[in-house]
Every structure is written in C-alpha cells, then in structure tokens.
Amino acid sequence: MVNVIKLHKGLDIRLKGAAEDSTFSAGTVSHYALQPGSFVGLTPKVVVKVGDKVLAGDPLFVNKQCPEVRFASPVSGTVTAVVRGDRRKVLAVEIDADAEQKYHDFGKSDPAALDAEGVKKVLLEGGLFGFINQLPYAVSTTPDTAPKAIFVSALRDMPLSADFEMELKEPSAASDFQCGLTALSRIAPVHLGVGRHQQAGALLNARDVDINVFDGPCPAGNVGVQVNNIDPVNKGEVVWTVDPTAVIFFGHLFNTGNVDMTRTIAVAGSEMKQTGYARVKVGAKIGEVLGDNVKTDRHVRLLDGNPLTGCKTTADGYLGAHTSEITAIPEGDDVNEFAGWIMPRLKDFSTSHSYFSWLFGRSRKYDLDARIKGGERHMIMSGEYDRVLPMDIYGEYLIKAIITGDIDKQEQLGIYEVSPEDFALAEFVDSSKLPLQQIVRQGLDTLRKENA
Amino acid sequence: MSLRNYLDKIRPKFEEGGKLHAFKSVYDGFDSFLYVPSETSKSGASIHDAIDSKRIMSIVVIAVLPAMLFGMYNIGYQNAVYAGKLADATFWGMFFYGFLALLPNILVSYIVGLGIEFAWAQWKKEEIQEGYLVSGILIPLILPVTIPLWMLALAVAFSVIFAKEIFGGTGMNIFNPALVARAFLFFSYPSKMTGDISVWVSQKSICGLGFNVGQIPDGLTTATPLGQMAQGAAVPFNTDWVTGLIPGSVGETSIIAIAIGAVILLWCGIASWKTMLSVFVGGGVLGAIFNATGSLSLPWYDYLTLGGFAFGAVFMATDPVTSARTETGKWIYGFLIGAMAVIVRVLNAGYPEGMMLAILLGNMFAPLIDYCVVERNISKRANRLKNK
C-alpha cells in the first residue's frame, strides 16, 4: 500500500480550454533553439560557433562554473545564431534542424549495474545533467552537490497544465521512465509523487522508488510542496528535483544511447482554436508548432508554460526546456471595466465571497485574462498566502523577510525549502497584487550569491 | 466609452511635464476608481484573482452602513426624547435630522483625511491608497455627534499623519488610525468626549428639523448606561441596549445594526471570525469572573452589549493591518482585547469606556504575539536541523 498524504490548503483554478485527451497535430518544425534561461541560475559558455554542424546530443553550451555540465542539442542540424541580450547575456542558441535526424551515439548502459558516479557520468556526457534542479535556491544543479534525496513529481495540477499520463502512453515511455528512475536511485533515494487520480502502471508500480500519493488541490503537484511534506530541506542540505519528462529523457539515454528530447506537451487555453496533446522536441519554435491555431479576434497572450508560472512568449519564441504546455489566454489590455470595485462582475473568478464565483459551484470554468485587476499595495489582508501554501512555512513573514533583505530571518523561516512556483497561487489570490514569484526569485538569487 | 476616451484624452496633461502633473496621483486615483486598471502582468502569474484592496475597502464601508444609518435615526430619536417631544416626532423627521447632524462630521472627516492622503501620495509619487475610505467613515461613528468640527479636523489630520503616513501608509501602520483619532480627542478634549447628555445628544434644531432641547427633565441628566454605572448607579438590562435607542457614540449603540455588518464582513472573509469571536469570549470570560468575585453586579453579557464593545470587536479589532496576522495569534489577540476592555471598565472608574484603550493596547501587542507564534515555527525548524 502506498503512502497517501492529504493536503487541505490550496486552490484549483478552473480555466476554459483545458487540453482535450486527443492528439494535436503539430506543424513541421525546422527551427529550434536551446535557451540557457530555461536552466535557472546557469551562467552559460557557448561551445559552438555559427555554421557548426551538430548532432542531437552534442553540447551547445556548458555551465561556466562547472564545465562538465553540458547542455545537449535537442536536434541535429546547423547552428544559425547565438542570440545575445543586454550585457551580451546569451539568450538562445538557434539551430536549423536536418530533415533526417542524426543522433550522437553515447552507447547503451544498464543503470542498475552502475554506481552513483557512473550514472552521473552518463548524464553529464549526454548533456542532460542540467535538467536536474536542486533545492535550495531552485536552480539547475551541478554534480558536486550531494543530494540527500531526489524528488520526482508526476503530478501536474496547475491550471491548463499537461497530464503526465498522456506522455506515458507513448510506446517506450513507460520503460524509459522506469529506467530513468532506477538510474536516479543509484545516486540517492528517489521519492515519486503521484496524484490521487493517476492510475498509470508506470507510476503506481514504479520500482526503486518510494511512492507517495498526494491528495489535495493545487499546488499538491509542486515538487517543493512534496519535499516539504516528506523530507524538508535543512540548511546545508541539498535535494534534487527532476521533472518526470526529464526522467524519460534520462531513461532513453540509458536504454538507447541517444538523446531524444521529444516530449508530449499540452496545447491549451481559451484562445486556442483546438486543444490537445502534441509530440514536439524541446526548443521547437512555437509558431511552427501551433500554425494558425491561435485565435485572433482579441489580444492574446501566448505562454511558454501554464498561466500561473509560465513565461510570456510569442510565435517567434521557442519551447523552454522544462515546458510541458503552451497556453493562450486573453491579454485583456483592451478591456475597460467600469467601477470594478462595486460591480458584481459575474464572469470573474475570485476566492473572495465579495464576488459571486462561490454561487456557481465547481463545474463552472472561467476565461481569465492577464490583467492584474488592481494596484500594488503593501500587504494588507492577513493569512491570504497561507491558505494556498500547503507547507509548514509562514509565507507572509518569509516574503517580508525577503523584501527587507533580512537573510538571517529568511533562513530561519525556511527560504531553502521554497521555489518561486510555490508562491504562484499566493500571487494569484493576493489582494495587494505583489509580484511574489519575482520577489522569491530575487531573494533566492541574493542568498545564493551571499552563500557562494 | 466616452468617459474612457475623455480620461485617455486628458491623461497627457497629468504626465511628467504636463500642466497638471502635480495632480497625477489624483488623476490615477480617479481613473482606477472609475475603471479597473487594464495593466497586465509582466512576469510571474499571468492570471489574478478579481479581488483588490478597493473591493475590500468598499465592502467594509458597506458593512458599516447599517450602523451609520441607524446612528442617524438615533441622533434624531435622542434629540426628540430629551426635548420631551417624542410623540410629535416622525420616523423620517428624526432620520433626516440625524442625517443633517452627522453629515458635516462625515464630510469634514473625508475632506481632511483624503486631502492629506492625496497630497501625501503625490509627494511620495505613489498611488493613492484606499485605507482612508474605511477610517473616514469609522471616525465620525465612534465620536459623539456634537464634536466640534475643528476638533474633528485636527484629530483626523493627527491620525492620518502620525498614525499612518509616517509609518509608510496603509498596511504599515501599527495602530488603527480611527482609534488614534478618537484617543487624540479623548485625551486632548475630554470634556467634549465624555460626560452628560450635552455631549451625547444633539440639542439644536437643524433646518427646521428636530427640536431645541431646553430644560432637561430630572433623572435624565446622566447620559450613557456606562456613564451611569461608572458613577455607581445600578442599571438594569434594557432591550434598548440591543436595538440601540440609547445615547452614545453615533455608530456604536445598535447591536442589531452592528451584527448585520459583522455578517457581511465574515461572509466576505474580510474580518477574521477568530479575532471577532475571541474578543467576545475574552470580554465574556472576564465579565463572568468579575461577576463571580463580586466586583461587578451585572451579568457578563451586559458588558458585551454596552458602549463601543460590539462596534470595536466587529470593525476595529478585526482591522487586518493592525491585528495579529498569524492564525494562532488572532485567538490570543482577540481574547486580550476583550478581557482588557472589561478590566479597564471595571477597575478604572475614570474610563467608563475601555474598548478604545483595549484595542490600541492589542494593536501594540499584536506584533509581539505574532513574533512568539512565528518563533515557534523557527525553533521547530532549528530543532529539525539539530536532531539530524
């Protein structure tokens, strides 16, 4: 019998346009890019030049502080550009894909026969190691860290997010997933978090892992929440967190010797003409994936990710390395709503009973736009964050400690246990409209610099 | 949409370099008051809850309205009672008399308070904060209707500047601004804040409405039940204490009107039920103890219905900014206020009304209470590391 952990705090936001359980036929993609920004906390050093031919799996850039961590090209083709932004920061390495994909052969290996160093070596050589994130700081990790445990959350429960079980339906996905879990278990004990409604055998019968079922509203699927409820991070400790799709990439590398970053993403949102699940490779150009699937009758916000944690992007943008969905919601900058402070606003969603969403029950879905719907204020209401933060942490006090730059207090209040996405729902419900995810990110970055 | 177009047309005048840029905060304030800001998020969450601080403050003002409307009626009613002409008075006559008597207080409170807020926001180049919308209506309701307007203006100015803005505005203040205004008047001009009916009852006819109170009949000279008790008189329970037809500060007399407000605040989740309940529990428990030990002749529930106890518990103690912010802390904070209010009333005959001081004391202790609660979480985390 698996361990069931019940969580009570949180909030499921029901948005229109959740991905249907059907195939979305993505367009032919020939332009790809790997973006260092997908790997949080990374300072990249580009190791290819424009015009270079690369195979899928060849490194495009490495971690400057730790050059053995390479970042593999998702496709074979020709490097066409190294896009740089302010202060020559590398934004993306762009590649024109070959029609016929060629893979760098790293050789098969059986993870069960390897030790921790052996597993790390395979992942480092294959350029996939950077897909592993760590707590504290919620950044892409390096091999010199010694994790006390590794957490994989197979539950994605943010609004409009992709169901990982759709990914497991692919023919070799289940065996790759198990192989990846076995590989990780050679490094440290692996905890697999599963949602209450998930039934896939690959999850419930997974071997070499400790399975915990999380029963509760969003953000029960956040890996940080799962860490906090199973084995919280103390000062000086490190845990690794791995996206379940990355586990499949890992397993595929061990099983076939190839790096294949093809994944199943959800195409969702009220502004998509058709929703569904598409098979694409990491770094695909979003416009080429979607074709003309985005509605054009009003201003639309395209997101690389879900509406709570995703980044704003455009048709010219590229799919992020950890992105499991592309969503389109109304932008809302062309909406003029009169006297919102007193109107009933029946179409809007609110957790507050001063609106009427409570009347319509749980079946009603909402079409929310990207407006902030209020001015930024100091923290006024109390207990708002804690209602949607199922962690043993005083969210308000932690945020205040970050705003005031009090590092001792941040440590005492558990900043090592959180990542920005854990505060995504708090940012949604916050009546003072503070940019909480940005505040937490800045706090973590500062702390990492101070502790370095 | 023509109003929207007009606002967009005049916007450049208020931008930096425009003719009217000194009023930018005022323009923004009115613009966001009329239309929900169409600004969209740049990073982080792309969707947001429809709630904002404007909505919250509006709901609180709505919750106060029953107490305010009843207060207006009661002003007229008391005027008629003390003029000895209750039989001649009509319902609407009494209400409009009260309306006219209270209106100048409300106007002065808002004009002075919002004026300072607007100027301050412009000076700091910030958006206007909504907090004063609530304080501005609460202040006239916790004062006697007869308060001279210049004193009211002084108190409002004092509280907005020294209780709120110097701390950094709404959300950063330690003490409830409305209560600070009352405390300012209470200690600066005590003769206008407590005493006989000349303080509590409006006695002049206004615009032909109401009556000029002449000689006050014997036996009616002392005013509020609390005032009478402080002088050692035995005051039997009276249903008027619940309906509110007694002299007192404008908004505090009717338990029924306050209860309507309480329901609105609790249903909307704006006031904490934990704080509100524990204030009443604290007051009740202390009342029962004093009653049992003989220092108090009244049953415990009398103290919860009299004076500003209920109004304070519902509208003042629950102010999220100045109350305890942790859930455990709210229980302690509320209990402390309720208990302290009864202690002040019973043990200090000089202050027949203890609620104001109890809540201000509670405000002062709220950060300490929270500190202890949060410290428990901190030491738990520290122990987790030690026990490894």
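Residues numbered from 1 in each chain as written. Chains lettered and ligands numbered in written order. Predicted model: local features only at pLDDT ≥ 70, side-chain atom pairs only at ≥ 80, totals over all residues.

- Chain B is annotated in an unreviewed UniProt entry as Na(+)-translocating NADH-quinone reductase subunit B from Prevotella lacticifex.
- For chain B, the Subunit (unreviewed entry) comment in UniProt is given as "Composed of six subunits; NqrA, NqrB, NqrC, NqrD, NqrE and NqrF."
- Comment text from UniProt for chain B, heading Function (unreviewed entry), reads "NQR complex catalyzes the reduction of ubiquinone-1 to ubiquinol by two successive reactions, coupled with the transport of Na(+) ions from the cytoplasm to the periplasm. NqrA to NqrE are probably involved in the second step, the conversion of ubisemiquinone to ubiquinol." (UniProt positions renumbered as here; feature names shortened; annotations may be inferred.)

- Under an unreviewed UniProt entry, chain A has the name Na(+)-translocating NADH-quinone reductase subunit A and belongs to Prevotella lacticifex.
- Turning to chain A, the UniProt annotation filed under Subunit (unreviewed entry) states: "Composed of six subunits; NqrA, NqrB, NqrC, NqrD, NqrE and NqrF."
- On record in UniProt, under Function (unreviewed entry), the comment for chain A is "NQR complex catalyzes the reduction of ubiquinone-1 to ubiquinol by two successive reactions, coupled with the transport of Na(+) ions from the cytoplasm to the periplasm. NqrA to NqrE are probably involved in the second step, the conversion of ubisemiquinone to ubiquinol."

## Some thoughts on the overall build of chain A
Here is step 1: When its secondary structure is counted, chain A shows 12 helices and 19 strands.
Here is step 2: Taken over the C-alpha atoms alone, chain A extends approximately 65 × 50 × 50 Å along its principal axes.
Here is step 3: Counting every position in chain A, which comprises 452 residues, the buried fraction comes to 56%. (Helix = DSSP H or I, 4+ residues; strand = E, 2+ residues; numbered from the N terminus. Buried ≥ 20, exposed ≤ 12 C-beta atoms within 10 Å, placed from the backbone.)

## Digging into the UniProt feature "domain: NqrA second alpha/beta" (unreviewed entry) in chain A
Here is step 1: Feature annotation in UniProt assigns "domain: NqrA second alpha/beta" (unreviewed entry) to the following positions: residues 114–258 of chain A.
Here is step 2: In residues 114–258 of chain A, helix accounts for 37% and strand for 19%; the two terminal C-alpha atoms are 18 Å from one another.

## Side note on the interface of chain A and chain B
Here is step 1: In this assembly, 60 residues from chain A lie in contact with 49 residues from chain B.
Here is step 2: Elements with a minimum of two residues in the side of chain A that touches chain B: β17 (300–304), α9 (395–403), α11 (424–429) and α12 (436–451) of chain A.
Here is step 3: No other element matches α11(A), which puts four residues into the side of chain A that touches chain B.
Here is step 4: Residue composition of the side of chain A that touches chain B, grouped by class: 26 nonpolar, 21 polar and 13 charged. (Contact = placed C-beta atoms within 7 Å. Nonpolar A, V, L, I, M, F, W, Y, C, P; charged D, E, K, R; others polar.)

## Description of the UniProt feature "modified residue: FMN phosphoryl threonine" (unreviewed entry) in chain B
Residues and elements named next belong to chain B.
Here is step 1: As recorded in UniProt, the sites labelled "modified residue: FMN phosphoryl threonine" (unreviewed entry) are Thr224.
Here is step 2: The topology assignment puts Thr224 in the loop between α8 (197–200) and α9 (225–230).
Here is step 3: Apart from residues no more than four positions distant in its own chain, Thr224 is found in contact with Trp200, Ile246, Pro247 and Gly248.

## Focus: the domain arrangement of chain B
Residues and elements named next belong to chain B.
Here is step 1: Domain parsing of chain B yields domain 1 (57–216 + 238–265) and domain 2 (271–383).
Here is step 2: A C-alpha centroid distance of 23 Å is found between domain 1 and domain 2.
Here is step 3: Opposite the 27 residues of domain 1 that make contact, domain 2 presents 20 residues.
Here is step 4: Broken down by secondary-structure element, the contributors of at least two residues to the side of domain 1 that touches domain 2 are α3 (53–83), α7 (177–188), α10 (240–243) and α11 (255–267). (Domains from an automatic or database assignment.)

## Focus on the environment of Thr309(A)
Residue and element names in this part refer to chain A.
Here is step 1: Residue placement: Thr309 occurs in the loop between β17 and β18 (311–313).
Here is step 2: Classification of Thr309 by C-beta neighbours within 10 Å gives buried; the count is 23.
Here is step 3: For the pair formed by Thr309 and Met158, sequence separation is 151 residues and the distance between their alpha carbons is 8.4 Å.
Here is step 4: Setting aside its immediate chain neighbours within four residues, Thr309 contacts Met158, Glu421 and Ala424.

## Observations concerning the nonpolar core
Here is step 1: Formed by 245 residues in total, the largest nonpolar core has its most connected members in Val267(A) and Val314(B).
Here is step 2: It is α3(B) that provides the largest number of residues to this core, a total of 17 residues.
Here is step 3: The residue makeup of this core includes at least three contributed by each of domain 1 (57–216 + 238–265) and domain 2 (271–383) of chain B.
Here is step 4: Leave out the neighbours within four places in its chain, and Val267(A) touches Ala19(A), Phe24(A), Met272(A), Thr275(A), Gly276(A), Ala278(A), Leu290(A), Asn293(A) and Ile326(A). (Core = buried A, V, L, I, M, F, W, Y, C linked by C-beta atoms within 7 Å.)

## Some thoughts on α3(B)
Residues and elements named next belong to chain B.
Here is step 1: Taking 1.5 Å per residue, 31 residues should reach 45 Å; α3 reaches 44 Å between its end C-alpha atoms and fits that length.
Here is step 2: The sharpest bend along α3 comes to roughly 35°, located at Leu65, with the proline Pro66 sitting one to four residues further on.
Here is step 3: Of all the 31 residues making up α3, 26 are buried; the element is thus mostly covered by neighbouring parts of the structure.
Here is step 4: Phi turns positive, to about 70°, at Gly84, one or two residues after α3. (Expected span 1.5 Å × (residues − 1). Bend = angle between axes of the 7 residues up to and from the residue.)

## Describing the UniProt feature "transmembrane region" (unreviewed entry) in chain B
Here is step 1: Per the UniProt record, the feature "transmembrane region" (unreviewed entry) sits at residues 56–75, 95–120, 132–163, 245–268, 275–294, 300–318, 330–348 and 354–374 of chain B.
Here is step 2: Each end of residues 354–374 of chain B is marked by a C-alpha atom, and these two atoms are 29 Å apart; helix forms 95% of the span and strand 0%.

## Structural notes on the sheet that holds strand β19 (residues 325–330) of chain A
Residue and element names in this part refer to chain A.
Here is step 1: Within the open sheet, the five strands sit side by side as β16-β15-β19-β17-β18. Their pairing is mixed. Of all the strands in the sheet, the pair left with one neighbour each is β16 (276–281) and β18. The sheet shows a mean angle of 35° between the axes of neighbouring strands, direction not considered.
Here is step 2: Here strand β15 (residues 262–268) runs beside β16; their pairing, made up of six bridges, is antiparallel. Across the sheet, Thr262 pairs through a bridge with Lys281, a residue of β16. (Pairing = 2+ DSSP bridges. Axes fitted to C-alpha atoms, helices over the stretch in contact; angles between N-to-C directions.)

## Comments concerning the sheet that holds strand β3 (residues 44–46) of chain A
Residues and elements named next belong to chain A.
Here is step 1: Strand order in the open sheet formed by three strands is β3-β5-β6, with antiparallel pairing between adjacent strands. Edge positions in the sheet fall to β3 and β6 (66–72), since each of these pairs with one other strand and no more. Averaged over all neighbouring strand pairs, the angle between strand axes comes to 35°, with direction disregarded.
Here is step 2: For strand β5 (residues 59–63) and β6, the ladder comprises four bridges, and the chain directions are antiparallel. Paired with Phe61 across the bridge in β6 is Phe71.

## Quick notes on the packing of helix α12 (residues 273–293) of chain B against helix α14 (residues 309–316) of chain B
All names here are of chain B.
Here is step 1: Two numbers describe how α12 lies on α14: the axes approach to 8 Å, and their chain directions differ by 155°. As the angle between them shows, α12 and α14 are arranged roughly antiparallel. In this structure, α12 crosses over α14, and the sense of that crossing is right-handed. Residues Met276, Val279, Phe280 and Gly283 of α12 form the contact with α14, whose own contacting residues are Phe309, Ala313 and Val314.
Here is step 2: Of the residues belonging to the contact of α12 with α14, the class tally is six nonpolar, one polar and no charged. (Parallel < 35°, antiparallel > 145°, perpendicular 65-115°, else oblique. Left-handed = near helix turned anticlockwise from the far one by under 90°.)

## Some remarks on the pairing of β17(A)
All names here are of chain A.
Here is step 1: Within β17, five of the five residues are buried, which leaves the element mostly enclosed by the surrounding structure.
Here is step 2: Neither face of β17 is exposed, since Val300, Leu302 and Asp304 on one face and Arg301 and Leu303 on the opposite face are all buried.
Here is step 3: For β17 and β18, the ladder comprises three bridges, and the chain directions are antiparallel. Bridge pairing in β18 links Leu302 to Thr313.
Here is step 4: Counted between consecutive antiparallel strands, the loop separating β17 from β18 contains six residues, among which Gly305 sits at a positive phi close to 125°.

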